[in-house]
There are 12 protein chains.
Amino acid sequence: MHAIKSSLPDTATKIVGEALQGGLIDLIDLSLIAKQTHWNIVGPRFRSIHFQLDDVVSTARSHSDTVAERASALGISPDGRATTVATHTGIAKVADGWQQDTQAVRTMVDALSAVIVRMRERMDETGPVDRVTEDIFIQITKDLEKHCWMFQAENGG
Amino acid sequence: MHAIKSSLPDTATKIVGEALQGGLIDLIDLSLIAKQTHWNIVGPRFRSIHFQLDDVVSTARSHSDTVAERASALGISPDGRATTVATHTGIAKVADGWQQDTQAVRTMVDALSAVIVRMRERMDETGPVDRVTEDIFIQITKDLEKHCWMFQAENGG
Amino acid sequence: MHAIKSSLPDTATKIVGEALQGGLIDLIDLSLIAKQTHWNIVGPRFRSIHFQLDDVVSTARSHSDTVAERASALGISPDGRATTVATHTGIAKVADGWQQDTQAVRTMVDALSAVIVRMRERMDETGPVDRVTEDIFIQITKDLEKHCWMFQAENGG
Amino acid sequence: MHAIKSSLPDTATKIVGEALQGGLIDLIDLSLIAKQTHWNIVGPRFRSIHFQLDDVVSTARSHSDTVAERASALGISPDGRATTVATHTGIAKVADGWQQDTQAVRTMVDALSAVIVRMRERMDETGPVDRVTEDIFIQITKDLEKHCWMFQAENGG
Amino acid sequence: MHAIKSSLPDTATKIVGEALQGGLIDLIDLSLIAKQTHWNIVGPRFRSIHFQLDDVVSTARSHSDTVAERASALGISPDGRATTVATHTGIAKVADGWQQDTQAVRTMVDALSAVIVRMRERMDETGPVDRVTEDIFIQITKDLEKHCWMFQAENGG
Amino acid sequence: MHAIKSSLPDTATKIVGEALQGGLIDLIDLSLIAKQTHWNIVGPRFRSIHFQLDDVVSTARSHSDTVAERASALGISPDGRATTVATHTGIAKVADGWQQDTQAVRTMVDALSAVIVRMRERMDETGPVDRVTEDIFIQITKDLEKHCWMFQAENGG
Amino acid sequence: MHAIKSSLPDTATKIVGEALQGGLIDLIDLSLIAKQTHWNIVGPRFRSIHFQLDDVVSTARSHSDTVAERASALGISPDGRATTVATHTGIAKVADGWQQDTQAVRTMVDALSAVIVRMRERMDETGPVDRVTEDIFIQITKDLEKHCWMFQAENGG
Amino acid sequence: MHAIKSSLPDTATKIVGEALQGGLIDLIDLSLIAKQTHWNIVGPRFRSIHFQLDDVVSTARSHSDTVAERASALGISPDGRATTVATHTGIAKVADGWQQDTQAVRTMVDALSAVIVRMRERMDETGPVDRVTEDIFIQITKDLEKHCWMFQAENGG
Amino acid sequence: MHAIKSSLPDTATKIVGEALQGGLIDLIDLSLIAKQTHWNIVGPRFRSIHFQLDDVVSTARSHSDTVAERASALGISPDGRATTVATHTGIAKVADGWQQDTQAVRTMVDALSAVIVRMRERMDETGPVDRVTEDIFIQITKDLEKHCWMFQAENGG
Amino acid sequence: MHAIKSSLPDTATKIVGEALQGGLIDLIDLSLIAKQTHWNIVGPRFRSIHFQLDDVVSTARSHSDTVAERASALGISPDGRATTVATHTGIAKVADGWQQDTQAVRTMVDALSAVIVRMRERMDETGPVDRVTEDIFIQITKDLEKHCWMFQAENGG
Amino acid sequence: MHAIKSSLPDTATKIVGEALQGGLIDLIDLSLIAKQTHWNIVGPRFRSIHFQLDDVVSTARSHSDTVAERASALGISPDGRATTVATHTGIAKVADGWQQDTQAVRTMVDALSAVIVRMRERMDETGPVDRVTEDIFIQITKDLEKHCWMFQAENGG
Amino acid sequence: MHAIKSSLPDTATKIVGEALQGGLIDLIDLSLIAKQTHWNIVGPRFRSIHFQLDDVVSTARSHSDTVAERASALGISPDGRATTVATHTGIAKVADGWQQDTQAVRTMVDALSAVIVRMRERMDETGPVDRVTEDIFIQITKDLEKHCWMFQAENGG
């Protein structure tokens, strides 16, 4: 069943498809990690970071929808199931249990930094074959780098 | 680090904690499955079911937040990480690739039915030890049974 | 045609089904009576009670939808047709023609009181077999008892 | 008790009063039938028609309020009680139980068509004696004919 | 300076122009009288009627703008200056000083009744020469008759 | 394929159908001309008229939808395709290229005046056979005559 | 009937009462004059000044309500009837008929300037006896002087 | 611990501090009394006064926040604890139990009148030493005198 | 004067009445303590906790209204006057003067914990005699336990 | 009359101008075709596709405004008149009369596919000479490819 | 070119003009400094103070507009150009580069304190010659003193 | 103190940092100049251009925030202090005092044109080293070129 036709040539579709599938997994995992930290954080900055983490969740959920629907629009079936996320995510597993706020911030800087590197690679790979998909990775990178600055600034000084 | 104190006795906390952790996993997986279907559905009912699936996502996300924060409020660290979800979910794995709309509806009836049975058990288990947590499972069951009716009605007749 | 499956055992479904069907009829009739009074009231409190009656209409319409959709969700086809309402309502027939405001308030206290008694019975009957349906009757009773107080207070002193 | 004075001569008031009372009954019954179908519909178009029926409910409720208050404004006490509706409605009784979507659409086309004919007659009868009431029937007919087209289009082709 | 051209013949323009100019004056005076009463009312129904009067102000201001701009659109310069209103209004002068609520309601029934008669005459005069202007008077009459009912109902019974 | 049934007799349907189809074409062309001027206007009144033109676009688009859906509701398939508009519009072709603001205002007065004459004819033709459609032309004429006054006033004095 | 008691001594009440009654008349007349000009203005600045005049109407209506209710709150019955306005306004009568935009701007500068002088006197008179009423005149003056600047700027250069 | 520095000299700070602390207590007690009456009122004006009382609550709560934060801004720790309110309020204790509406209105006139006198004294005391704080008391007095008029008008005539 | 009738038997009404009256006092005092801390807090977490405290105020005010109106609805006159609160509150008196943020958080954990214990007792006492009132205490407990977790998390780790 | 200066060199302006003019025509025609189908569609998916078509209209209208104003901003007068659209559109003419829903979906897939190819060419042509214009075509392509997927999915499986 | 006339005498205009021009410069510089700190702050309170600084920006921008337009309204041309701000500001130059949060709070306390002293002088100078302008400085001082308290509280204890 | 790490190599960071710092200064100065003109403009187009200038202010403020936070996100401390703006802006100093509207439009065309040239250079410089930053300059250029067209159109013809 080949439901949807791509408006790109086959090789381009393949490159773009891998970048989108990878980006989808990273964004779903980022949203789960940010929620996990949102629920488990303790310490004097609890309230402020608790909300900051929901901003990341919101960014990650919104971009994951864009990325998955972009894949569909190019005839590539996206896969965002739990086992796929657990197996293929580019983010290191985070600890379970309560997290001190200072540690929570470091967790987010690490997770965001890891995803940013991979999103920049996807931006570079897709640019020559599909400017539309590249633009999606530009917007994602812009937002993630802003979040990453804000968490660095939290622990900075 | 015992960050948060429970306002319940220890045995009650243990019963309630397991019910909430189980509910959290089911709700996160339900949201991922509904999104997966939202992106992969094809067929003459595409648009209608595409939106209906996002209603499920919205319900599942909202209740998963309530459940996890209820656990935190009782001093139980919730665990909603991808690997935990992939390992402990009570919903059968869904197929990858495009899904015909009729099949998509069946997938959702199956997933919702499986979660409803488990939520009713959690409602029964927590009632005698914490009426507050029981009320959360009552609201979840109410919403999930409504969604389940709507998907059954879609394929019914 | 057995379109929708109940998640309750058969006897429970029967008890809950009768309670919901009865509640639906009472709520539809309550909405019609409140509108009837809304249009026919005269006297120095016209404007104030005219609006108060629309608050009852709004409550009754919203709960009647919840009750009917709860029945559907349990595989019980709800019946809210005019003849069914006219035949099975638990509220005494109200007079036609213009109504003096003092009389209008009494009409509403009587109608609300009659429905409250029946809703409390439904709450008691459904509680042991379905906590979800019981919760719906708890919310209905809460709202109707609040409305009933406000009309009693209007004529009180 | 002659609470409200009409700004029309007696014969005009009588003609207009009968038209408004008849219109009120039809609109209340239409709203009850649309809700009945909204709750009992099953089939592949469930979600789409379920919402479409609530648009009819909303139109019928809003216009019934306008019609009844127009009667009051002309000194004619409106009667919208359940037994009056059950006895005097111009719409044929609809079946109970679940309704297949195709059948539900036909039910609505029939109900709307029956009401439209009667509304057009009321428009013609009231025009010569009260342009204001006629305008209300013009707006009602406009909205009902639009709904009727949409249901015809659903089963059309 | 003949700034704006009418899309009607000259005799029609003259008939319509007089109706609109007369309607404008009545509506401005109605808004001033309703505000006067809004500020001076006392008695047990103060708050309820105080707000009801602002509903009349809002109706009168909105329709006076429509009427004046309709005149302009037909090339007839509207005149809504204070002295023109004071000289040509069709409403009897209201008393100064505080007004008991029962009296205030009578004042409004009288003022609204006087304007309704004149608006119905304008509706009849303009109908044969301009259906567009007639429609404006139909809407005005509809709203004023509704307000008039509500004030009659206040003192009714 | 006779998809939708008219609630009017055949001759009435034919008269009304021609009026609605003609009105649709004029309104679509009016929206295109107003947009064309919106983009090409230059001169000291640029900003003010630029916005005023979008008010016309908004009016024309909204009424064209009403007119087309009224045709559908009467079983008449509406035709609003580009070639049909280009061939049958009642508005003279406007110049291409930048337009000085004074000229732009004249263009709009001419276009609106031409359409108003035709809409008044349609109002007269449809009145005797369908009061509902007549009412739609009354509302259109009211709005267009208001826009026409405003543009005349712009160049007036 | 001495309905409302003043919280000020008698002489203060008298001074404040005259200032408020005078301010009320000027503000009502200002609102009527601004509306008169809003409807009758023609010329290349029609649209811009048409809206600017409604800003004045809005300011004048809002402040007139504050001023009249302040009078009531101090036990002084306010008088805003048409004949009172026509007789006691401090603004010179404006011309009837269409007004060229440049002239309209001058009309508003003159009207606003006349009212500002009187409002400043009321501010000075009430300050020593009631700081609350003084503050109301300060806010009025602030808003009127801002409107006056904007109309001067329109004709300035 | 001298946490916050005042921008006023010491004697001014002392005068202003006492006025603000006194104002805070009166406003909190006023909000509690208005709520007490809101819950206990009975009689034919129940609904109207029930809402009017919530307007007072809203005013009192909003101003109490402004007053307390103004104290903090001047380095004066505000004290709004229950025992402080119970001990230092300037309003006479109100009766417990249900209150007839006529009596409820008198209760509010008395409470508001008592607070207004004290707020005017605070306005006079603070004016010479801090115009900013004086302005806060001017706004409070303006709102309370408006509420007091409305309750007087309720029982007036 | 027995204004309002209870829909419960006398013994049930007595039990429920005491629980509601006690709950009302605790919630009003909680709102006053949270505001007191909101105004007096200092330290590096000032802004974050300042807002968090207003969330508690908002919760406490909203539930206190529900509780008091539930009492009224059951014919029990609620008492929320300042002296009643000061005498019967279940929360220990808080210190006056500025509060360091760490201390402020401890104050709130103590106050919330004390109220939660009492609310759970009320939930248990009312459950067997009135499920509707029990549900109100379930919702209150749910919200207070969530706030209590958030303050514990602030000082936790 | 060379009203607006381009910030690009002449050759770049020429390339960009042709791309924008072509894009404008395609988008206007797309909006007319989507509306045409919106009015003429019949069949079991009527309601769902009826709304989906309006999403396309909304996208096409919004982008056509962006494209035309971008042309103006570069000193190129845009041409969106009916005859220009009818003559230069890149979309094949659609059939008149009622359209079965399955056929309507195919019509939209064809129209969108045709426009997407041309928009991608414009994206490629403008990229080297104006990144700003290229970005506009990227956004258009992104949206159109998403719409195209949704219509393909509708008929897919 | 003397475009705008003052409603004040010449000496008053001069005093008020200097106060407004000085206030404008301070407020613009305050907005630039708050933004500078908003972008450069680092440390554990980053997020909380980052938002707090934008509250200051918002206050400063809003008041600077009021101040400048008040000057214009009195015929005094305001000067808010970058070089004027850089030369005449009353706030000491802030350091460049990243700022630790504790230091950022001190920077804002210093900047706000400096501006408050000057605004109080302007309030005193303008009071005797123009109560309207004085009121503007009262509102500015009120807001700045509140912001200053909040930053002091942040570093307090 | 090296607070924030760049996700770019050092040379790229340097190029991007200079472009962002330059862009920030230009945008802040543009916002100050547009406000200066907003306050000082006189002439027949006062109101229209007064609002148009605030649209520029809004664009400039919003983009300056994006640009500065992008710099922070790349570890480059942004500098937007008044003296930096005064010294390094790329826009020529504007005249002080009242400005005739025609001159004001020319001022804005000059200022916008100067900034557009520099923004296009920054777009070209950053593109090869950071597509994310390039995209920010593309959006800025798009908006500024649209504003520049609108001001050119104002004086055009």
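Not measured: the values here are computed from a predicted model. (Residues numbered from 1 in each chain as written. Chains lettered and ligands numbered in written order. Predicted model: local features only at pLDDT ≥ 70, side-chain atom pairs only at ≥ 80, totals over all residues. Heavy atoms only, no water.)

1. A short note on the interface of chain D and chain E
Across the contact, 16 residues belong to chain D and 16 residues belong to chain E. Summing both partners gives a buried area of about 1300 Å² for chain D against chain E, and 55% of it is carried by carbon and sulfur. It is D:Glu69, D:Arg131 and D:Val132 that lose the most area in chain D upon contact with chain E, and together they represent 37% of the buried surface on that side. Taken together, the connections running from chain D to chain E amount to 5 salt bridges. The salt bridge partner of D:Asp130 is E:Arg120, with a shortest N-O separation of 2.8 Å. The interface formed by chain D and chain E includes 8 residue pairs in polar contact (both at pLDDT 80 or more). Taken together, the elements giving at least two residues each to the side of chain D that touches chain E come down to helix 2 (46–73) and helix 5 (131–155) of chain D. Partitioned by chemical class, the residues of the side of chain D that touches chain E number 8 nonpolar, 2 polar and 6 charged. (Contact = heavy atoms within 4.5 Å. Buried area = accessible area lost by both parts, 1.4 Å probe. Salt bridge = Lys/Arg side-chain N within 4 Å of Asp/Glu carboxyl O. Polar contact = N/O pair within 3.5 Å; in protein donor to acceptor, adjacent residues only side chain to side chain. Helix = DSSP H or I, 4+ residues; strand = E, 2+ residues; numbered from the N terminus. Nonpolar A, V, L, I, M, F, W, Y, C, P; charged D, E, K, R; others polar.)

2. Observations concerning the UniProt feature "domain: Ferritin/DPS" (unreviewed entry) in chain A
UniProt annotation of "domain: Ferritin/DPS" (unreviewed entry) refers to residues 19–153 of chain A when read in the numbering used here. What you have in residues 19–153 of chain A is 79% helix and 3% strand, and the ends, taken at the C-alpha atoms, are 30 Å apart. (UniProt positions renumbered as here; feature names shortened; annotations may be inferred.)

3. Regarding the arrangement of the chains
For chain A and chain D, which are not in contact, the least C-alpha distance works out to 20 Å. The two units chain F and chain I remain apart, with a minimum C-alpha distance of 42 Å.

4. As for the pattern of salt bridges
Tallying each qualifying case throughout the model produces 195 salt bridges over all chains. A salt bridge links C:Lys14 to C:Glu18, with the shortest nitrogen-to-oxygen separation between them at 2.9 Å. Of this pair, C:Lys14 and C:Glu18 both sit in helix 1 (residues 10–40), 4 residues apart, which is roughly one turn of that helix. Each of the two residues, C:Lys14 as well as C:Glu18, counts as exposed. With a closest N to O distance of 3.0 Å, J:Arg81 and J:Asp79 form a salt bridge. One exposure class covers both J:Arg81 and J:Asp79, and it is buried. (Buried < 20%, exposed > 50% of the residue type's maximum accessible area, 1.4 Å probe, protein only.)

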